[in-house]
Amino acid sequence: VDRAICEDVAYEAIRAGYRRLDCACDYGNEVEVGRGIARAIEDGLCTRSDLFITSKLWNTYHSPEHVPLALDRTLSDLSLDYVDEYLIHFPISMEFVPFE
């Protein structure tokens with residue numbers, strides 16, 4: 001989902017009754033999804049525990065020492081304390097590339 005509309009799309013999906021959100025760092029819109037989630041919770045549409053949020057580990061972060069960095073980035077971008085499921089995006093490991 002395009003970043004320009006992503007916050008509203010996430011919010012409206014929750015308002016429509018969706019409770020499972022599929023995210024990934026590679027989609028480039030986790031900050032906006034997080035804003036939509038926060039707004040939905042703030043407006044009383046749901047609680048955090050009502051939602052099931054998945055995110056995914058990108059291929060350049062498969063090494064054990066890089067996984068916590070990637071997860072922390074996802075949690076920060078989504079403004080969440082936890083995700084319900086954290087998957088390997090797809091099982092092809094690539095050379096490490098820092099976020100910046």
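Further up the page is the structure itself.
Predicted, not measured: the structure shown is a model, and the values here were computed from it.

**Thoughts on the overall build of the protein chain**
When you go through the protein chain residue by residue, the secondary structure sums to 3 helices and 3 strands. Secondary structure elements in the protein chain, listed N-terminal to C-terminal, are α-β-α-β-α-β. Over its C-alpha atoms the protein chain spans a radius of gyration of 14 Å, differing by no more than 12% from the 13 Å that the globule rule assigns to 100 residues. Counting only C-alpha atoms, the protein chain reaches 40 × 25 × 20 Å along its principal axes. Expressed as a percentage of its 100 residues, the buried residues of the protein chain come to 35%. Considering only intrachain contacts with a sequence separation of at least 6, the fraction spanning at least 24 residues in the protein chain is 79%. Accessible surface, the protein chain as shown: approximately 6000 Å² in total, 54% of it carbon and sulfur.

**As for unusual backbone geometry**
Backbone phi values are negative for most residues with the exception of glycine, while trans is the configuration of most peptide bonds. Non-glycine residue S79 carries a positive phi angle of around 55°. In this fold, S79 is placed in the loop between α3 (67-78) and β3 (85-88).

**Some remarks on the pairing of β3**
Where strand β2 (residues 52-57) lies against β3, 4 bridges are found, and the strand directions are parallel. Bridge pairing links K56 to L87 in β3.

**Side note on the sheet that holds β2**
Taken in spatial order, the 3 strands make up an open sheet running β1-β2-β3, and their pairing is parallel. What marks the edges here is a single partner per strand, and that holds for β1 (20-22) and β3. Between one strand axis and the next, the sheet turns through 20° on average, direction left out of account.

**Details of the packing of aromatic side chains**
Overall, the coordinates contain 3 aromatic pairs when judged by the stated rule. Geometrically, the ring pair formed by W58 and F90 is edge-to-face, given 5.6 Å between the ring centres and 90° between the ring planes. With W58 in the loop between β2 and α3 and F90 in the segment after β3, this pair connects stretches of sequence that are 32 residues apart. A cation over a ring is seen here: R48 above Y82, with NZ or CZ 3.9 Å from the ring centre.

**Observations regarding the pattern of salt bridges**
One pass over the structure, following the stated rule, counts 8 salt bridges. Of the charged contacts, one joins D84 and R48 as a salt bridge, the two residues approaching to 3.0 Å between their closest N and O atoms. You can see D84 sitting in the loop between α3 and β3 and its partner R48 sitting in the loop between α2 (30-42) and β2, a full 36 residues away along the chain. Classification of D84 by relative accessible area gives partly exposed; the value is 32%.

Scoring rules and cut-offs
Residues numbered from 1 in each chain as written. Predicted model: local features only at pLDDT ≥ 70, side-chain atom pairs only at ≥ 80, totals over all residues. Heavy atoms only, no water. Helix = DSSP H or I, 4+ residues; strand = E, 2+ residues; numbered from the N terminus. Rg over C-alpha atoms; globule rule 2.2 N^0.38 Å. Buried < 20%, exposed > 50% of the residue type's maximum accessible area, 1.4 Å probe, protein only. Contact = heavy atoms within 4.5 Å. Areas by Shrake-Rupley, 256 points an atom, 1.4 Å probe, with all protein chains shown as cover. Pairing = 2+ DSSP bridges. Axes fitted to C-alpha atoms, helices over the stretch in contact; angles between N-to-C directions. Phe/Tyr/Trp six-rings, centres within 6.5 Å; stacked < 30°, edge-to-face > 60°. Lys NZ or Arg CZ within 6 Å of the ring centre and 35° of its normal. Salt bridge = Lys/Arg side-chain N within 4 Å of Asp/Glu carboxyl O.

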